[in-house]
Amino acid sequence: MVRLITHNLLSCHAKGCTTNNFPLQFKDAEIEHREADFNPEFIRGLLPKIEWKALVDTAKELGDTSLPYEQPEMMDDELLKTLHHVLLEMHVEEGQMICPNCNHVYPISNGIPNMLLAEHEIA
Amino acid sequence: MSRPELQAPPEIYYGDIEAKKYTKNTRNQQIQADMTYRALELLNLPPDEPAFLLDIGCGSGLSGEILTEEGYIWAGVDIAPSMLEVALEREVEGDLFLQDIGQGFGFRPGSFDGAISISVLQWLLNAETSHPTSSPPHRLSRFFTTLHSALRNPSRAVFQFYPSSDDQIQLITSCALKAGFGGGIVVDYPNSNKAKKVFLCLFVGGGGQQQMPKGLESEVEEDARARFERRRERVRSKDKSGKRKHMKDKDWILHKKELYRKRGKEGVPNDSKFTGRRRRPAF
């Protein structure tokens, strides 16, 4: 159940990997759509935390091009609904997340990403 | 009290069988639910505002279900794959991660509006290997530092845990304070052996505005009555001659023999007019 909301908050935490470690790149991702309750307040509150560019790029990678490239200044209901769909209803079930900096692979199986590090990778 | 954290590391202790047992146990469910509600209370989130929470050591999602019920959106991390599998079967709403919290988080700064953790911290206090990154202080500081940066300013993190000594509380609090948190320990029902619960209540930022919550106290004072009072009453039932009444008198013997006969014991003596009578004195 890697949703884009968590993916957008996730960077690589391996030892010495401190720059250019966000966003993790999806590979061989299998996506599932599951409906969730629409909560405009929550999305509004979340917006300041979101890296817009990373979100749009990742959504595009996963085949969803409904978001505009530039973050619009005004949020109307239409856009909030699109955001809701991209952030909370797209689940990546299988695949991998790869750190763009150190190429560490975080495998996803059954919707659960394996974030465990080997002993030499622990900071 | 048996301590599971001393038996094996969490990902091994909570294997398939133990994970199912843990989740199905209704007493466990009740305790987990109570502690989650209390942790949410201590978290003191602004009411009627949606929040994105982190459940540290979410396990099979017992606490996560309550977060969903209360209207929060959450992500959970746990190190035991079997527990997460149970969570998947139960179709919990949050995002799950297989992660060792002692290795630190990779979340971007300010990601979460709060964090709760039920019965987890004590698992960080055992070193599994001799590698320097496996020592409890190292793991604790890595955990607290990365958590501190992942939380929004101002916000709180509440951990319920089972310390086995004051030294452990000392170690955990000092690691948390070094990582930049404010706050400390809140103890609920400190005078009760059973209901006593220890919460570590940590603050991020807030500029001294954050007030330390008070622990709950039980209303009935438990030690008002002395213990062992039943025994005292029984001793009092001795009569004036100093002998206890009804000890091995005729009724008692007849009752006992009846019981043996019912159980089918062989060689139970017959009842007669001499049963339970004292012999005449020898002199």
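Please refer to the structure placed before this passage.
Values in this document were obtained by computation on a predicted structure and should not be read as measured data.

### Quick notes on the interface of chain B and chain A
- Counting from both sides, the interface comprises 34 residues of chain B and, opposite them, 29 residues of chain A.
- In total, chain B and chain A occlude about 2,800 Å² of area from one another, counting both sides; carbon and sulfur atoms represent 62% of this.
- Of all residues in chain B, the largest losses of buried area upon contact with chain A belong to Asp95(B), Gln103(B) and Arg108(B), amounting jointly to 24% of the total for that side.
- Here chain B and chain A share three salt bridges between them.
- Here Asp95(B) ties to Arg3(A) by a salt bridge, and the two come within 2.6 Å at their closest N and O atoms.
- Between chain B and chain A we count 14 residue pairs in polar contact (both at pLDDT 80 or more) in total.
- Residue contributions to the side of chain B that touches chain A peak at four residues, all from strand β3 (residues 95–98) of chain B.

### A few points about the pattern of salt bridges
- Enumeration according to the criterion identifies 16 salt bridges over all chains in this entry.
- With its nearest N and O atoms 3.0 Å apart, the salt bridge here joins Asp57(A) to Lys53(A). In this pair, Asp57(A) and Lys53(A) both sit in helix α3 (residues 52–61), four residues apart, roughly one turn of the helix.
- Using a relative accessible area of 59% as the deciding quantity, one classes Lys53(A) as exposed.
- Glu18(B) is the partner of Lys21(B) in a salt bridge, and the nearest nitrogen-oxygen pair spans 3.4 Å. Pair noted here: Lys21(B) and Glu18(B) are both in helix α2 (residues 16–24), with a separation of three residues, about one helical turn.
- Exposure remark for Glu18(B): the relative accessible area of 22% places this residue in the partly exposed category.
- A cluster of three or more residues bridged by salt bridges with shared partners is formed by Lys257(B), Glu258(B), Arg261(B) and Asp271(B).

### Let's talk about the nonpolar core
- Ranked by internal contacts, the top residues of the largest apolar core, which has 71 residues, are Ile56(B), Phe143(B), Phe144(B), Leu147(B) and Phe159(B).
- Take this core: its biggest share by element is six residues, from helix α4 (residues 77–89) of chain A.
- Aside from chain neighbours lying at most four places away, what touches Ile56(B) is Val77(B), Ile101(B), Phe105(B), Ala115(B), Ile116(B), Ser117(B), Ile118(B), Val120(B), Phe143(B), Leu147(B) and Phe159(B).
- Ile112(A), Leu53(B), Ile116(B) and Ile118(B) belong to the second largest nonpolar core, which has 27 residues in total.

### Quick look at the environment of Ser111(B)
- Mapped onto the elements, Ser111(B) comes out in the loop between β3 and β4 (112–118).
- Residue Ser111(B) is classed as buried on the basis of its relative accessible area of 0%.
- Sequence separation between Ser111(B) and Ala150(B) is 39 residues; the distance between their C-alpha atoms is 5.3 Å.
- Those residues in contact with Ser111(B) that lie beyond four places of it in its chain are Leu9(A), Lys49(A), Phe52(B) and Ala150(B).

What counts and what doesn't
- Residues numbered from 1 in each chain as written.
- Chains lettered and ligands numbered in written order.
- Predicted model: local features only at pLDDT ≥ 70, side-chain atom pairs only at ≥ 80, totals over all residues.
- Heavy atoms only, no water.
- Contact = heavy atoms within 4.5 Å.
- Buried area = accessible area lost by both parts, 1.4 Å probe.
- Salt bridge = Lys/Arg side-chain N within 4 Å of Asp/Glu carboxyl O.
- Polar contact = N/O pair within 3.5 Å; in protein donor to acceptor, adjacent residues only side chain to side chain.
- Helix = DSSP H or I, 4+ residues; strand = E, 2+ residues; numbered from the N terminus.
- Buried < 20%, exposed > 50% of the residue type's maximum accessible area, 1.4 Å probe, protein only.
- Core = buried A, V, L, I, M, F, W, Y, C linked by side-chain atoms within 4.5 Å.

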